[in-house]
Amino acid sequence: MDTLSDVSTLTAVILASALRLSVPLIAACLAGLWSERSGVVDIGLEGKMLIAAFASAAAAYATHSAWIGLGAGILASVAFALLHGFAAISQRGNQIVSGVAINLLAAGLTAVIGNAWYGQGGRTPPLEGPARFQDLVLPGATVIKSVPVIGPLYADVLSGNPVPVYLTLIAVALTSFVMARTRFGLRLRAVGNYPGAVDTAGVSVALLRYRAVIISGVLCGIGGTYLSVSQAAGFLPLMTAGKGFIALAALIFAHWRAWPALGACLLFGLLDAVSIRLQGAVLPGSISVPVQAIQALPYLMTVILLAGFVGRAIPPRASGIPYVKER
Amino acid sequence: MSTPIDLPRWADIGLVPAVATVAAFLVAGLVVMSIGESPLEATRILIEGSLGSAEGIGFTLYYATNFIFAGLAVAVAFHAGLFNIGAEGQATLGGLGAALVALSLDWLPGFVVLPLAILAAAAFGALWGFIPGYLQAKRGSHVVITTIMFNFLAAILIVYLLVNVMGNPKSMAPETRNFGPNAHLPFIHALAQAMGLNMPATPLNLSFPLALLAAFGVWLLIYRSRLGYAIRTVGASPAAAVYAGVSPERITMLTMALSGSLAAGLAVNEVLGVQQHLLLEFTSGYGFVGIAVALMGRAHPVGVVLAALLFGMLYQGGAELSFDHPAITRDMVTVIGGVLILFAGALDGLFRRAVALVLPRRLVA
């Protein structure tokens, strides 16, 4: 009986950890989903999350409020998203070049401004107390806890997370609903596949794409804020560590759909959570797993996913092609 | 609004990137002002620090060497329509290759070891570029994302190797032992002194002339050879390439391998020339600035060399600047690089339209 409850506690801990680790991925993945479904390729998810992480940490430190931090993070991310949108939509520039520029800009600006403001090598001072989101206990958590399987799942995994986690999960459901069942979602999907048709119907292609890009910015803002304000209690240089690109791979894996995207990101999060436990552990046969092998796993998995070994993925038809009205 | 604009060739290649560069520096000036420093003062220190002394020029050229190699790598890939962001990882693997040869063969005379080490660096870099190229050609995985992943993988691999396999037991830091004297690329100031000229000691070494040679080689390849023509065709229109009997897949893989081997030149400069042992993070961001260099130089070797010289000035001047004004760090160069990539790359159309407005009517079609 003891080992059973030990195993279930361990499982609950790993699952809770997996959920928390996957939140930035989910947010970035949804951001990429909104952008790419409307036809704007977004390589700059990494940069937007990074600038949001910095802005939110700085604002949260200055005002001792996590919510103001969230607002600042979202604003910074939307500003960068609009920059990308301007280059991609209005100026019809190369969207991949623009994304790379956003990433580099974010990395450089956070370092320069971070160093100028705080002088700690680009970090923000650590955040404490009300400057971080508090864990929310969902209603009925303590009551349900004793129920066999669902109990610990609800009480330990789902409940007791900070607000951005729930925001992100709600965003998944909203994205799926809006995309599939509203007029806006239909037009958005149309603009990503046949913008000419949308134009003929009299709806502005550019405005729709800008809206999608703004939503993408908001989502990256939530993801970046969660990273610095919730998960790490402060901004660290280059703290996104490739999560934006892993999110892109998860998006392709999920075939640009919301619920599969959640699943893919949870999978990556689970991998991350398990890897933290596996560090230094000895597998049967006395093979010690090197730390670097575990560190390399998310990036390796991304490459394997992209190589299509887990099924071919076809992007929205007009993805990456600037829309020219006259042609 | 969307009529294609035909600018005269000199405007397209020279004026538009120049305008974009000026605009990028203006934006950078704004950033400098926003952190409370004076851009004019910063510019003065920058120019003095990079070109005002023989030592400064030596350092500038040394940094420029890295940017030339990285810029050439990205430029060659551009011609095939590929975006190689993996120059950092390819350079890291190049360093690994050079170190493996240098560590095992440095008992051989210099004129044997050095070419072998350079070839090994090029081969390892080519491999790290080839794999994403293969995945793009055969499996359709976007080369941008795979090369970024390979950057991370290269960094992790080298940490593992330096900590567990190749590390120097006498040193606490993850690095190899110093290579034997036969496996050093000679410093230019040492060569000059041997010839009786007095030059201040700088990290400038033989890889600078090697970089210029590589630029010439790339020009020959891209603009004067059949393979170069095939590469440019694939970049312009893969369908036309197929019609012409060229295989876009083969060219993609070949170009990425070539790109990787050029990026490895960075490692030749740093590992064989300056550091003389393998250590972590010797690529320190040169690969990403290489993208800006290639875009600024319009992917033409001459443009790449000029842009690399400019960034070399920024790096050296930036180092001097951060002595006097610690608030402005080297990361300013990353900001300038990012803005340049945005202006010279994605917002290209905006600047072309601006230049077309200013030029007299008869020059613009």
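Everything numeric here is computed off the predicted structure, so don't read it as measured data.

Undergrad: What is the right way to look at the overall build of chain B in this model?
TA: Helix and strand counts for chain B stand at 15 helices and zero strands. In terms of C-alpha radius of gyration, chain B reaches 21 Å, essentially the compact-globule figure of 21 Å for 365 residues. Expressed along its principal axes, the backbone C-alpha trace of chain B runs to roughly 65 × 55 × 40 Å. Relative to its full complement of 365 residues, chain B shows a buried share of 55%.

Undergrad: Just to check I follow, could you spell out the overall build of chain A for this structure?
TA: Counting its regular elements, chain A contains 13 helices and four strands. The globule rule puts the C-alpha radius of gyration for 327 residues at 20 Å, and the 21 Å found for chain A is close to it. Its C-alpha atoms give chain A principal-axis dimensions of roughly 70 × 45 × 45 Å. Within chain A, contacts between residues at least 6 apart in sequence are counted, and of these 77% link residues at least 24 apart.

Undergrad: How should I be thinking about helix α13 (residues 291-306) of chain A in this particular structure?
TA: It helps to recall that an α-helix has 3.6 residues per turn; residues three or four apart then point in one direction. For α13 of chain A, built from 16 residues, the straight-helix expectation of 22 Å at 1.5 Å per residue is met to within 8% by its first-to-last C-alpha distance of 24 Å. In the structure, α13 of chain A departs most strongly from a straight axis at L297 of chain A, where the bend amounts to approximately 45 degrees and where the proline P298 of chain A lies between one and four residues downstream. Where α13 of chain A is buried, its residues touch α11 (243-253) and α12 (258-278) of chain A together with α5 (110-139) and α6 (143-165) of chain B. Of the residues flanking the end of α13 of chain A, it is G308 of chain A, one or two places downstream, whose phi is positive at about 75 degrees.

Undergrad: What exactly am I supposed to notice about the packing of helix α4 (residues 87-105) of chain B against helix α12 (residues 286-296) of chain B here?
TA: Relative orientation and spacing of two packed helices are given, respectively, by the angle between their axes and the distance between those axes. Residue and element names in this part refer to chain B. Running from N to C, α4 and α12 cross one another at 130 degrees; their axes reach a closest spacing of 7 Å. Considering their axes alone, α4 and α12 lie oblique with respect to each other. Like other packed secondary-structure pairs, α4 and α12 cross with a definite hand, here right-handed. In this structure, α4 contributes A87, E88 and A91 to the contact, and α12 contributes G287, F288 and G290.

Undergrad: What exactly am I supposed to notice about the interface of chain B and chain A here?
TA: How big an interface is tends to be stated in terms of accessible area lost as the parts join. Contacts between the two partners involve 40 residues from chain B, matched on the other side by 39 residues from chain A. Among the elements of the structure, α5, α6, α12, α14 (331-346) and α15 (348-358) of chain B are those that each provide at least two residues to the side of chain B that touches chain A. Taken together, the residues of the side of chain B that touches chain A sort by class into 25 nonpolar, twelve polar and three charged.

Undergrad: So what exactly am I meant to see when it comes to the packing of α4 of chain B against α5 of chain B here?
TA: The geometry of α4 of chain B relative to α5 of chain B is characterised by a closest axis approach of 7 Å and an angle of 145 degrees between their N-to-C directions. For α4 of chain B against α5 of chain B, the interelement crossing comes out right-handed.

Undergrad: Where do I start with the nonpolar core in this structure?
TA: Across soluble globular proteins, nonpolar side chains show a tendency to be buried alongside one another. With 237 residues, the main nonpolar core has L30 and A250 of chain A as its most contacted residues. For this core, the leading source of residues is helix α3 (residues 54-79) of chain B, giving 16 residues. Setting aside residues up to four positions removed in sequence, L30 of chain A forms contacts with A171, V172, T175, L219, A258 and A261 of chain A.

Undergrad: Mind showing me how you'd approach the confidence of the model for chain B here?
TA: Low-confidence regions, as indicated by low pLDDT, have predicted coordinates that should not be scrutinised in detail. All names here are of chain B. Of the residues in chain B, 98% have a pLDDT of 70 or more, and the chain-wide mean is 88. Confidence, expressed as mean pLDDT per element, reaches its minimum in chain B at helix α1 (residues 9-34) with 83 and its maximum at helix α8 (residues 207-224) with 95. Both scores are available for the predicted complex, with the pTM at 0.87 and the ipTM at 0.84.

Undergrad: What is the right way to read unusual backbone geometry from this model?
TA: Backbone geometry follows two general trends: most residues other than glycine have a negative phi, and most peptide bonds adopt the trans configuration. For W256 of chain A, which is not glycine, the phi dihedral falls at a positive 60 degrees. With respect to the helices and strands, the residue W256 of chain A is situated in the loop between α11 and α12. Among the residues examined, W256 of chain A registers 23 C-beta atoms within 10 Å and is labelled buried. One non-glycine residue with positive phi stands out, namely S284 of chain B, at about 20 degrees. When you line up the elements, S284 of chain B lands in the loop between α11 (248-275) and α12. A tally of 13 C-beta atoms within 10 Å means that S284 of chain B is categorised as partly exposed.

Undergrad: I keep staring at the environment of L295 of chain B and nothing clicks. Help me out?
TA: Residue and element names in this part refer to chain B. Following the sequence through the fold, L295 ends up in helix α12. Under the C-beta neighbour-count criterion, L295 is labelled buried, with 31 such atoms within 10 Å. Considering only alpha carbons, one finds L295 and H184, 111 residues apart in sequence, at a separation of 32 Å.

Undergrad: Help me understand the environment of A201 of chain B in this model?
TA: Among the secondary structure elements, A201 of chain B is positioned in the loop between α7 (188-194) and α8. Between the C-alpha atom of A201 of chain B and that of F152 of chain B, which follows or precedes it by 49 residues, the distance is 34 Å.

Conventions adopted
Residues numbered from 1 in each chain as written. Chains lettered and ligands numbered in written order. Predicted model: local features only at pLDDT ≥ 70, side-chain atom pairs only at ≥ 80, totals over all residues. Helix = DSSP H or I, 4+ residues; strand = E, 2+ residues; numbered from the N terminus. Rg over C-alpha atoms; globule rule 2.2 N^0.38 Å. Buried ≥ 20, exposed ≤ 12 C-beta atoms within 10 Å, placed from the backbone. Contact = placed C-beta atoms within 7 Å. Expected span 1.5 Å × (residues − 1). Bend = angle between axes of the 7 residues up to and from the residue. Axes fitted to C-alpha atoms, helices over the stretch in contact; angles between N-to-C directions. Parallel < 35°, antiparallel > 145°, perpendicular 65-115°, else oblique. Left-handed = near helix turned anticlockwise from the far one by under 90°. Nonpolar A, V, L, I, M, F, W, Y, C, P; charged D, E, K, R; others polar. Core = buried A, V, L, I, M, F, W, Y, C linked by C-beta atoms within 7 Å. pLDDT = per-residue confidence, 0-100.

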